[in-house]
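Listed below are the residues making up each chain.
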Amino acid sequence: MTTYYSKDHEWIAVEGDVATVGITNYAQEQLGDVVFVDLPEAGAEFAQGDEAAVVESVKAASEIYAPIDGEVVEANEVLADEPGKVNEDPEGAAWFVKMKVANADQLSELLDEAAYKAYVETL
Amino acid sequence: MADIVADIDLKQTPLHDLHVELGARMVSFAGYSMPLQYRTGIMAEHLQTRSSAGLFDVSHMGQAVLVGPDHATTAAALERLTPSGFLELGPGRQRYTVLLNEEGGVIDDLMVTRPASSEDDGKLMLVVNASRKEVDYSHLREKLPGNVRLELIEDRALLAVQGPEAVAAVAAHAPDAAELAFMSAARMEFDGIDCHIARAGYTGEDGVEMSVPAGAAEPIARALLADDRIEPIGLGARDSLRLEAGLCLYGHDIDETTSPVEGGITFCMQRRRREECGYPGAGRIQEELRNGPGRVRVGLRLEGRAPAREGAEIALPGGPVIGTVTSGGFAPTVGAPVAMGYVPVNSAEIGSDVELIVRNRRLPARIVEMPFVPNRYYRKPKS
């Protein structure tokens, strides 16, 4: 499994042709207390950069963009009842969706962990 | 996610360095750099205020004084611009009111205090919204008679301490604060510093607002924060607290197009003023009082977990759009999303089902009474 990161503060863990996507710890810190996550349904297809989900914190709604092209194969149902998991375990149990990777070339344009950490340092 | 860009032109309150030291996330608000939240976050700060007490820096709000030759003159001057009664406002008493335009729309909502001391006869102290300072001041300067002038107070900070433990904590430094009735105010010393303290606030809780010398704001804030009962609270929780309390946020829930009748704030109109008129827009407001307004502000409780925010449309179930949400979000004390917005008066019945349209989906909601959380303002025990 290889984990990539986007400058929109998503992590993308790829195993075979399935990518598990969530938001980073930095993102959850910026968002604050998450009270609702609006996730797409299985079967939804996205192009890179499409609005794929919305995270509602106490203060605001924030769009989450598809980091790669692909079809959603599963959304994390746990978040419907426990949105606060996004604050507790953003890079683990609180993954958002699993997507079928449509264009593996896009992965190489994402950041690795070291590059993402360096990017966050600049913010 | 939108990053908040630091703006070097932003004004700072006297507590700016303390906010930064306390780990606040600073944001731009009404031309000021203000704390959105501190380290624990909006939810924890909200619940802290409801369960114990919170300290809010509201120094960005406008403090000013109307100065006239005697109380009757100053009160009459303000009555010509508002629908509230100030002639009968007693010394040391405070009142919520609105400045009205000629169409009966709200230019701003504000707190007015008649100082307690007879030495201050002829003065009325004002606290106005930060975002409306310039508009309010130019309106007042234009409309006030020649013998009543507006003096801005720019050398004082404004701190709010709110919550069930707030007054006890403040009284440890300013014992007279415990004697204040709700919506009353007095000058008193806080650890020897001359302050003006009012028993009021905008969270639905008991508490005070303290006008303090700018130079003493930080030591006063530090003295309060040294009390285990008090934590610093940012603008994020200030907004969720006032939303739960059913209170209007100017520019969102009320503005120059909404009348006090539509906004559901006619409690600011004392009976004599309702009867005698003599305020801007009285024609429209009298008509709305007699026959009901076209639209009214209502409370909305969503059934699911998804919040509906400002701008979401309000629709009849499966039917047409009838109004718009003006404030909304997750209500931490309620544990569910709530909102307020305007609907036609014939669709405003408590208990009516509606739908709030969020991202093209219709979320079921119900029109409910406000406040969403019962007010806990101080009521003096009957002797």
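Residues numbered from 1 in each chain as written. Chains lettered and ligands numbered in written order. Predicted model: local features only at pLDDT ≥ 70, side-chain atom pairs only at ≥ 80, totals over all residues.

Draft legend 1. Fine view of the overall build of chain B. From N to C terminus, chain B includes 9 helices and 19 strands. A compact globule built from 383 residues would reach a C-alpha radius of gyration of about 21 Å, and chain B, at 21 Å, matches this within 12%. Burial statistics for chain B: of 383 residues in total, 50% are counted as buried. A separation of at least 24 residues holds for 66% of the contacts in chain B among residues at least 6 apart in sequence. (Helix = DSSP H or I, 4+ residues; strand = E, 2+ residues; numbered from the N terminus. Rg over C-alpha atoms; globule rule 2.2 N^0.38 Å. Buried ≥ 20, exposed ≤ 12 C-beta atoms within 10 Å, placed from the backbone. Contact = placed C-beta atoms within 7 Å.)

Draft legend 2. Layout of the interface of chain B and chain A. In this assembly, 15 residues from chain B lie in contact with 15 residues from chain A. Put simply, the parts of the chain that give the side of chain B that touches chain A at least two residues each are helix H2 (42–51), helix H7 (235–244) and strand E16 (321–331) of chain B. Within the side of chain B that touches chain A, the residues separate by chemical class into 7 nonpolar, 5 polar and 3 charged. (Nonpolar A, V, L, I, M, F, W, Y, C, P; charged D, E, K, R; others polar.)

Draft legend 3. Inspection of the sheet that holds strand E8 (residues 70–75) of chain A at higher detail. All names here are of chain A. Taking strand neighbours across the sheet as the criterion, the 6 strands line up as E1-E2-E3-E9-E8-E5 in an open arrangement whose pairing is antiparallel. Two strands in the sheet have a free side with no partner beyond their single neighbour: strand E1 (2–5) and strand E5 (45–46). As defined by bridge partners, strand E3 (residues 18–23) adjoins strand E9 (residues 97–101) across 4 bridges and the pair is classed as antiparallel. Residue pairing for E9: Ala-19 is matched across the bridge by Met-99. (Pairing = 2+ DSSP bridges.)

Draft legend 4. Representation of the packing of H2 of chain B against H7 of chain B within the structure. Residue and element names in this part refer to chain B. Their axes nearest at 8 Å, the elements H2 and H7 cross at an angle of 55°. Relative to H7, the element H2 lies oblique. As for how H2 packs across H7, the hand of that crossing is right-handed. Across from Ile-42, Glu-45, His-46 and Thr-49 in H2, the residues of H7 making contact are Gly-236, Ala-237, Ser-240 and Leu-241. (Axes fitted to C-alpha atoms, helices over the stretch in contact; angles between N-to-C directions. Parallel < 35°, antiparallel > 145°, perpendicular 65-115°, else oblique. Left-handed = near helix turned anticlockwise from the far one by under 90°.)

Draft legend 5. How the structure looks around the sheet that holds strand E18 (residues 353–358) of chain B. Pairing within the closed barrel is antiparallel, and its 6 strands lie in the order E14-E17-E16-E15-E18-E19 (chain B). Strand-to-strand twist across the sheet, computed as the mean angle between neighbouring axes with direction ignored, equals 40°.

Draft legend 6. Fine view of the environment of Asn-87 of chain A. Within the secondary structure layout, Asn-87 of chain A lies in helix H3 (residues 85–88). Expressed as a C-alpha distance, the spacing of Asn-87 of chain A and Gln-28 of chain A, which sit 59 residues apart in the sequence, is 5.6 Å.

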